[in-house]
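# Geometric and topological summary
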Amino acid sequence: MIVLEQAVRAMVITMISFFVAFASTPLWLRLLRANMKKQIRTKEAAPVYNQFHEKKAGTPNAGGIIIWTTVGGLALLFALMDMLFDGQWNYFNFIDRRETYLPLATFLGAAVIGIVDDWFGTLRIGPNGGGLKVRHKLLIYTVLAAIGAWWFFFKLERQELVIPFLGPFDIGLWYILFFMFIVVATAFSANETDGLDGLFGGTALFAFLALTAVAFSTGLYHLAAFGGAVIGALLAFLWYNIYPAKFFMGDTGSMSLGITIGVLAMLTNTALLLPFFAFILVMESLSVIVQLGSKTLFGRKLFRSTPIHHHFEALGWPESQVTMRFWIISAVGCAVGLALFFLSRFL
């Protein structure tokens with residue numbers, strides 16, 4: 001009975017989030033058109049990217065604000081109503097110290113950092129007019145990850161890493177470094193994936209669906225409700241972001257969603273299944289690393305352009321085709337990851 005009630009709760013919160021995000025999007029779109037416009041990198045800085053995306057200059061950016069304001073706003077509203085009406089809104093309130101404090105904090109914190117970066121890009125501040133320097137973003141998100149690692153290790157007393165089919169292993173202080181690596185890696189991989197209309201939004205949707213299913217199956221019902229809120233807002237966002245996009249997600253969306261994927265994986269002890277849940281993100285990052293290594297060691301590029309979605313564009317794939325095929329790969333990866341998760345629990 002409790003499981004059914006919690007399943008209905010998660011679905012109701014998902015639907016509320018979808019309708020709130022969908023209804024608020026026209027207002028956000030007007031604001032973004034007036035204040036946040038995408039600046040496309042020059043031919044000298046990114047020739048292949050510029051060739052296919054120059055026409056998108058001036059498209060409203062930072063559309064990820066729709067996602068995090070919806071989720072953050074609902075979390076605050078439900079918590080306040082629960083407090084004001086003496087627990088009568090407890091059914092909707094998904095703020096919980098052990099389950100959602102950190103995901104919400106990192107989600108909103110990264111979103112604020114991201115929107116500053118997007119604003120700098122609008123003003124053409126930074127390298128090639130692209131916002132904050134990579135090393136500055138790396139430092140900021142490393143600090144954010146370190147705070148999260150401290151919370152997990154000292155407040156939640158987490159130091160076990162679950163290896164599928166083998167069980168949990170106590171890794172002591174190494175847990176802190178592992179946590180920081182996962183969180184920073186997912187944040188930057190998400191940012192690299194967000195290069196085509198709907199590409200990261202769709203792959204993130206599958207990742208959140210998988211991680212929410214894992215959270216629900218392990219009894220983390222507040223975390224599952226939080227995941228449902230993100231899923232609902234993401235669906236509304238994608239309605240407007242699929243090709244041809246009315247706005248781009250921006251760093252305020254990609255970095256906040258990416259870092260949250262990493263935190264959810266750590267909370268559900270499925271970090272080693274992330275290569276399946278976030279297969280596209282891993283593939284995008286590896287393509288960048290391999291390209292850099294090839295240019296450094298052999299003086300030539302292995303791909304026509306990276307991240308790898310631009311390589312397929314350069315081969316002649318239409319943008320929408322790249323996106324849809326990557327979505328299919330992401331769905332298959334998540335299905336395999338979930339199969340491994342459930343098999344490792346019951347075998």
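Residues numbered from 1 in each chain as written. Predicted model: local features only at pLDDT ≥ 70, side-chain atom pairs only at ≥ 80, totals over all residues. Heavy atoms only, no water.

## Side note on the pattern of salt bridges
What counts is decided by this rule: Think of a salt bridge as a Lys or Arg side-chain nitrogen and an Asp or Glu carboxyl oxygen that are within 4 Å of each other. Under the scheme used here, helices are H or I runs from DSSP no shorter than 4 residues and strands are E runs no shorter than 2 residues, and both carry numbers assigned from the N terminus. Residue exposure (1.4 Å probe, protein chains only): buried if accessible area is under 20% of the type maximum, exposed if over 50%, otherwise partly exposed.
Following the criterion strictly, the structure yields two salt bridges and no others. We note a salt bridge from D117 to K137, for which the minimum N-O separation is 3.3 Å. Of this pair, D117 sits in helix α4 (residues 101-122) while K137 is found in helix α5 (residues 134-155), placing the two residues 20 residues apart along the sequence. The same class applies to D117 as to K137, namely buried. Between D251 and K137 there is a salt bridge, and its shortest N-O distance comes to 3.2 Å. Here the residue D251 occupies a position in helix α9 (residues 251-267), and K137 occupies one in helix α5, the gap between them amounting to 114 residues. Side by side, D251 and K137 carry an identical accessibility label, which is buried. Taken together, the shared-partner salt bridges connect D117, K137 and D251 into one network.

## Quick look at the layout of surface pockets
Applicable threshold: In this analysis a 1.4 Å probe is tested at points of a 1 Å grid over the protein atoms alone, and where it fits but cannot get out there is a cavity; an open set with protein on both sides within 12 Å along at least five of seven lines is a pocket; lining residues have an atom within 4 Å of a point. Grid points are joined across faces, edges and corners, and a volume is the space filled by probe spheres set on the points. Following the grouping adopted for this structure description, the nonpolar residues are Ala, Val, Leu, Ile, Met, Phe, Trp, Tyr, Cys and Pro, the charged ones are Asp, Glu, Lys and Arg, and the polar ones are all others, Gly among them.
Here the second largest pocket is characterised by a volume of approximately 280 Å³. Lining of the second largest pocket is provided by 15 residues; of these, F181, I182, A185, T186 and V282 occupy positions nearest its centre. Elements represented by at least two residues in the lining of the second largest pocket include exactly α6 (174-193), α10 (274-277) and α11 (279-298). Ranked by residue count, the leading element in the lining of the second largest pocket is α6, at six residues. Considering only residue class, the lining of the second largest pocket consists of twelve nonpolar, three polar and no charged.

## As for the pairing of strand β2 (residues 167-170)
Our working definition: At least two DSSP bridges between two strands are needed for those strands to be called paired.
The sheet contact formed by strand β1 (residues 160-163) and β2 spans four bridges and is antiparallel. Paired with V162 across the strands is P168, a residue of β2. Here β1 folds back onto β2, and the loop between the two strands holds three residues, one of which, F165, carries a positive phi near 75°.

## Comments concerning the packing of α4 against α5
Let me state the cut-off plainly: Every angle, taken between N-to-C directions, lies between 0 and 180 degrees, and every axis is a line fitted to C-alpha atoms, over only the stretch in contact when it is a helix. An angle below 35 degrees is read as roughly parallel, one above 145 as roughly antiparallel, one from 65 to 115 as roughly perpendicular, and any other as oblique. Residue contacts are counted whenever heavy atoms from the two residues lie within 4.5 Å of one another.
Two elements in contact, α4 and α5, have axes whose closest approach is 11 Å; the angle formed by their N-to-C orientations is 170°. Considered as vectors, α4 and α5 are oriented roughly antiparallel to each other. Contact residues: α4 offers Y101, L102, T106, A110, I113, G114 and D117, while α5 offers K137, I140, Y141, L144, G148, W151 and F152.

## Points about helix α1 (residues 2-35)
Let me state the cut-off plainly: An expected span of 1.5 Å times one less than the residue number is assigned to each helix. The bend reported for a residue corresponds to the angle between axes fitted to the seven residues ending at that residue and the seven starting there.
With 34 residues, α1 should cover 50 Å at 1.5 Å per step; its first-to-last C-alpha distance of 46 Å lies within 8% of that length. In α1, a bend of some 40° at T25 exceeds every other bend along the element, and P26, a proline, comes one to four places later. If you check which residues of α1 are buried, you get Q6, R9, A10, I13, T14, S17, A21, S24, T25, L29 and L32. The inward-facing, buried residues of α1 abut α3 (65-84), α7 (199-217) and α8 (221-241).

## Thoughts on the environment of F179
On the secondary structure map, F179 appears in helix α6. Its relative accessible area of 1% is what places F179 among the buried residues. Once residues within four sequence positions are removed from consideration, F179 is found in contact with L102, A145, G148, A149, F152, V263 and M266.

## Let's talk about the side chain of D197
Here D197 shows up in the loop between α6 and α7. Residue class for D197 comes out buried when judged on its relative accessible area of 4%. The residues contacting D197, other than those within four sequence positions of it, are K56, N241, I242, Y243, P244, A245, F248, E319 and T323.

## Considering a nonpolar patch on the surface
Put simply, the test is: Patches here are clusters of residues that have more than 30% relative accessible area and form no salt bridge, with a 9 Å joining cutoff for like charges and a 5 Å cutoff for nonpolar side chains (Val, Leu, Ile, Met, Phe, Trp, Tyr). Using the Shrake-Rupley algorithm and a 1.4 Å probe, accessible areas are obtained, with residue cover drawn only from the displayed protein chains.
Taken together, L4, V8, M11, M15 and F19 make up a surface patch of nonpolar side chains, about 520 Å² in accessible area. Topologically, F19 is positioned in helix α1.

## Examining the packing of α5 against α6
Let me state the cut-off plainly: It is the rotation of the near helix from the far one that decides the hand of a crossing: anticlockwise by less than a right angle makes it left-handed, clockwise makes it right-handed.
The geometry of α5 relative to α6 is characterised by a closest axis approach of 8 Å and an angle of 140° between their N-to-C directions. In terms of their interaxial angle, α5 and α6 are classed as oblique. Viewed along their axes, α5 and α6 form a crossing whose handedness is right-handed. Contacts from K137, L138, Y141, T142, A145, A146, G148, A149, F152, F153 and F154 of α5 reach α6 at Y175, I176, F179, M180, V183, V184, F188 and N191. Partitioning the contact of α5 with α6 into residue classes produces 15 nonpolar, three polar and one charged.

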